[in-house]
Amino acid sequence: MKLGIVGLPNVGKSTLFNSLTKAGAPAANYPFCTIDPNVGIVAVPDKRLEVLGKMHHSKKVTPAVIEFVDIAGLVKGASKGEGLGNQFLANIRECDAIVHVVRCFEDSNVVHVDGSVDPVRDIETINLELIFADLEVLDRRIAKTAKSALNDKGLKKELEILKALKALLEDGKPASDYKTDDPDIEEFVRSLFLLTSKPVIYAANVAETDLADDGASNPHVASVRKYAEETGSKVYVVCAQIEEEISELDDSEKADYLDALGIKESGLDKLISASYDLLGLLSFLTTGEDETRAWTIKKGTRAPQAAGKIHTDFERGFIRAEVISYDDLVACGSSAAAKEKGLMRLEGKDYVVQDGDVILFRFNV
């Protein structure tokens, strides 16, 4: 999973990025690695892996990972070259979703580029810049396709779709509003990597005092939640400054600190939960002496395609899947005990993988 982080300058975007990438990368598990100055890979915290790793004396425990791409703060006029943000928009075109950090705290010491805190205005400023950036992409594609479409029915259809998308954007609406039941058209629209076609998670950045009630008493958060509900997006409340402090702590200290703040989850945990929910993802697990590992797939994925996440040969030569739920396996204490109790199931090609399934794939190529 790859998430692009956007926002105006001085909303806490880079602070959040730095704390998330540091907090989610325990050195013993999956070291934080900087691919370039604005990309970080973090481990998805999953306590189930540690339990299974100990149970099977695994030599290696490998979590699922999320790649975060942070770009310079966008400002009004970014699409026309204002500020630095527009130079980096290409970096987030291939992300699965956008995390839009929105300032929901008042602080006279932190300058707001527009002079006041108004999260909905800020959201609309960024959205407009993303629309302009997408229009630029569509204009180039339309010009290129129009030349070749005269004697090609397929390209004529593509040109119609491109023009329909352009009309939508010119009306101030995102490309995600373009609806079709045709999977081929869906795939074509996806291949354009339009920024406004991506699902959005709003990170409402609040002061520490607003964390305990999850921003319920903050009118700025309320306005973001209302906006997100109207646009089918997700919201999670975070305090970037607190996340930065949490990122410096080990696991036991982190739990105590969260407890003292009156919150149950860190910002990273909330973001991962919102991301999986928004994108319709789940994790299945494989475990053994060599390795215990989490694999991320779309909800509704069948067993052979899940096997293909591990290796294409597993999907090509799929025979069956030996499946047990994580809870049943832990309750039994071992795979052998689970088999004896009849809790290990043999599933075929039509089996839809569930979150927390522990699977051993049988295949032959």
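All figures in this text were calculated on a predicted structure; none of them were measured in a lab. (Residues numbered from 1 in each chain as written. Predicted model: local features only at pLDDT ≥ 70, side-chain atom pairs only at ≥ 80, totals over all residues. Heavy atoms only, no water.)

### Details of the confidence of the model for the chain
Point 1. In the predicted model, the chain carries a mean pLDDT of 86, and 90% of its residues have values of at least 70.
Point 2. Confidence drops under a pLDDT of 50 for residues 23–37, and excluding neighbours within four residues, the segment shows 25 contacts in the predicted structure. (pLDDT = per-residue confidence, 0-100. Contact = heavy atoms within 4.5 Å.)

### Details of the pairing of strand 7 (residues 200–205)
Point 1. In terms of burial, strand 7 is largely enclosed, as six of its six residues are buried.
Point 2. Neither face of strand 7 is open: one carries V200, Y202 and A204, the other I201, A203 and N205, and all of them are buried.
Point 3. Examined bridge by bridge, strand 6 (residues 97–103) and strand 7 share six bridges and lie parallel to one another. Looking across to strand 7, one finds that R103 is bridged to N205.
Point 4. Relative to strand 8 (residues 234–238), strand 7 runs parallel, the two being bridged by five bridges. Bridged to A203 within strand 8 is Y236.
Point 5. Once the chain exits strand 7 it traverses helix 7 (residues 219–231) before rejoining the sheet at strand 8, and the crossover so formed is right-handed. (Buried < 20%, exposed > 50% of the residue type's maximum accessible area, 1.4 Å probe, protein only. Helix = DSSP H or I, 4+ residues; strand = E, 2+ residues; numbered from the N terminus. Pairing = 2+ DSSP bridges. Right-handed = clockwise from strand over helix to strand, strands pointing away.)

### Quick look at the nonpolar core
Point 1. Ranked by size, the top nonpolar core spans 52 residues in total, and within it L16, F68, I92, Y236 and L271 carry the most contacts.
Point 2. Considering every element that reaches this core, the biggest residue donor is helix 10 (residues 267–279), with seven residues.
Point 3. Once residues lying within four places of it in the same chain are set aside, the contact partners of Y236 are L16, L20, I201, Y202, A203, A204, G267, K270 and L271.
Point 4. Formed by 19 residues, the second largest nonpolar core is a distinct cluster that contains C104, V206, I246 and I263. (Core = buried A, V, L, I, M, F, W, Y, C linked by side-chain atoms within 4.5 Å.)

### Focus on a negative patch on the surface
Point 1. Where like charges cluster on the molecular surface, the negative patch consists of D250, D251, E253, D256 and D259.
Point 2. Position of D259 among the secondary structure elements: in helix 9 (residues 251–261).
Point 3. In this structure D259 comes out as exposed when scored by relative accessible area, which is 62%. (Patch = residues over 30% accessible without salt bridge, like charges linked within 9 Å, V, L, I, M, F, W, Y side chains within 5 Å. Areas by Shrake-Rupley, 256 points an atom, 1.4 Å probe, with all protein chains shown as cover. Salt bridge = Lys/Arg side-chain N within 4 Å of Asp/Glu carboxyl O. Lys, Arg positive; Asp, Glu negative; His and termini not counted. Charge placed at Lys NZ, Arg CZ, Asp CG, Glu CD.)

### Focus: the packing of aromatic side chains
Point 1. Using the criterion set out here, one finds five aromatic pairs in the structure.
Point 2. Members of the aromatic cluster, joined through ring pairs, are F284, W295, F318 and F361.
Point 3. The ring centre of F105 lies 4.5 Å from the NZ or CZ of R103, which sits over that ring.
Point 4. Over the ring of W295 we find R293, and its NZ or CZ is 4.1 Å from the ring centre. (Phe/Tyr/Trp six-rings, centres within 6.5 Å; stacked < 30°, edge-to-face > 60°. Lys NZ or Arg CZ within 6 Å of the ring centre and 35° of its normal.)

### Points about the packing of helix 4 (residues 119–148) against helix 5 (residues 153–170)
Point 1. It is at 9 Å that the axes of helix 4 and helix 5 come closest, and there the two elements cross at 155°. The angle between the axes of helix 4 and helix 5 places the two elements in the roughly antiparallel class. Between helix 4 and helix 5 lies a crossing of left-handed hand. Here I131, D134, L135, L138, D139, R141, I142, T145, A146 and S148 of helix 4 lie close against helix 5, whose contacting residues are L155, E158, L159, L162, K163, L165, K166, L169 and E170. (Axes fitted to C-alpha atoms, helices over the stretch in contact; angles between N-to-C directions. Parallel < 35°, antiparallel > 145°, perpendicular 65-115°, else oblique. Left-handed = near helix turned anticlockwise from the far one by under 90°.)

### A closer look at helix 6 (residues 183–191)
Point 1. Buried within helix 6 are the following residues: I185, F188 and V189. Down the axis of helix 6, the smallest arc covering the buried residues is 95°, so these residues share one side. Exposed positions of helix 6 whose direction lies more than 90 degrees from the buried face are P183 and D184.
Point 2. If you follow the buried residues of helix 6, they end up packed against helix 4 and helix 5.
Point 3. If you check the start of helix 6, you find a side-chain oxygen 2.8 Å away from the backbone N of D184, and it comes from D182. (Arc of directions from axis to C-beta. Polar contact = N/O pair within 3.5 Å; in protein donor to acceptor, adjacent residues only side chain to side chain.)

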